[in-house]
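Single-letter residue listing:
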Amino acid sequence: MSGQKTVTPTVNSLVETITAAKTRGLPPLEQWNPPFCGDIDMQIKRDGTWFYEGTPIGRPKLVKLFASILWREGDNYFLVTPVEKVGITVEDAPFVAVDFDASGGDEQVLTFTTNLEDTAVAGPDNPIRVVRDPETGEPSPYILIRRNLEALIDRKSFYRLVDLGVHHEGWFGVWSGGAFFGIIPSDELPTDA
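Residues numbered from 1 in each chain as written. Predicted model: local features only at pLDDT ≥ 70, side-chain atom pairs only at ≥ 80, totals over all residues. Heavy atoms only, no water.

**Student:** Break down the environment of isoleucine 183 for me, with residues and values.
**Tutor:** Mapping isoleucine 183 onto the fold places it in strand β15 (residues 179-185). By relative accessible area, isoleucine 183 is classed as buried at 10%. The sequence separation of isoleucine 183 and arginine 132 amounts to 51 residues, and the corresponding C-alpha distance is 9.5 Å. Beyond its immediate chain neighbours, meaning those up to four positions away, isoleucine 183 contacts Val130, Phe158, Val162, Trp171, Phe172, Gly173 and Val174. (Helix = DSSP H or I, 4+ residues; strand = E, 2+ residues; numbered from the N terminus. Buried < 20%, exposed > 50% of the residue type's maximum accessible area, 1.4 Å probe, protein only. Contact = heavy atoms within 4.5 Å.)

Here it is in structure tokens:
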């Protein structure tokens with residue numbers, strides 16, 4: 001290993017590298033294979049707020065820049081540039097779906113918008129899934145946004161989804177893009193007295 005210099009990643013080094021490599025649209029992260037450089041003190045909270053060294057990152061353009069280089073491998077999250085890969089902490093999902101539009105009439109299409117203005121059309125390529133807390137039964141709904149990165153669907157949007165729900169093959173859920181996404185088994189729904 002002689003001759004190799006160990007560089008400690010910083011927010012500035014990430015910004016400089018990704019700005020130099022910036023292309024239109026999302027960077028081609030799947031084409032980059034930089035070495036792992038360690039973890040950086042960056043965290044995405046459950047509400048979608050990004051923190052660096054315990055302080056919220058208050059510049060939306062900077063957060064969007066970091067989100068554009070976010071990569072997931074299993075349960076681990078990284079910021080990836082052509083020359084470095086650093087680990088960060090994600091409390092739940094890296095994005096929050098803060099709204100959606102329903103269109104299409106009989107062939108319903110649900111288009112979700114995240115807290116960082118990404119959009120995703122729910123369907124076979126961007127499925128909705130609901131995880132229920134085993135102790136409380138509380139649902140946590142998610143939609144795949146891109147590159148195996150999900151958004152937690154916020155409470156108001158989830159309630160709107162439930163309003164659109166229908167029963168299908170033993171499940172209560174929603175249709176979008178020709179696919180059905182179960183929210184809860186039909187027999188577990190409370191019945192009105």
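**Student:** Explain helix α3 (residues 155-164) to me, using residue names and the numbers behind them.
**Tutor:** Considered for burial, the residues of α3 that qualify are Ser157, Phe158 and Leu161. The arc that holds every buried residue of α3, seen down its axis, measures 100 degrees, which confines them to one face. Opposite the buried face of α3, by more than 90 degrees, sit the exposed residues Arg155 and Asp163. (Arc of directions from axis to C-beta.)

**Student:** Outline the sheet that holds strand β7 (residues 95-103), supporting the account with residue identities and numerical values.
**Tutor:** Strand pairing in a sheet relies on backbone hydrogen bonds, with the paired strands running either antiparallel or parallel. The strand order across the open sheet built from six strands is β9-β8-β7-β12-β11-β10, with neighbouring strands paired in mixed fashion. Where the open sheet ends on each side, the last strands, each with one partner, are β9 (119-121) and β10 (128-132). Adjacent strand axes in the sheet meet at a mean angle of 40 degrees, parallel and antiparallel pairs treated alike. Pairing between β7 and strand β8 (residues 109-114): six bridges, direction antiparallel. When the bridges of β8 are listed, aspartate 99 appears paired with threonine 113. Where α3 meets the sheet, its contacts fall on β7, β8, β10, β11 (139-146) and β12 (149-153), and the angle it forms with β7 comes to roughly 30 degrees. (Pairing = 2+ DSSP bridges. Axes fitted to C-alpha atoms, helices over the stretch in contact; angles between N-to-C directions.)

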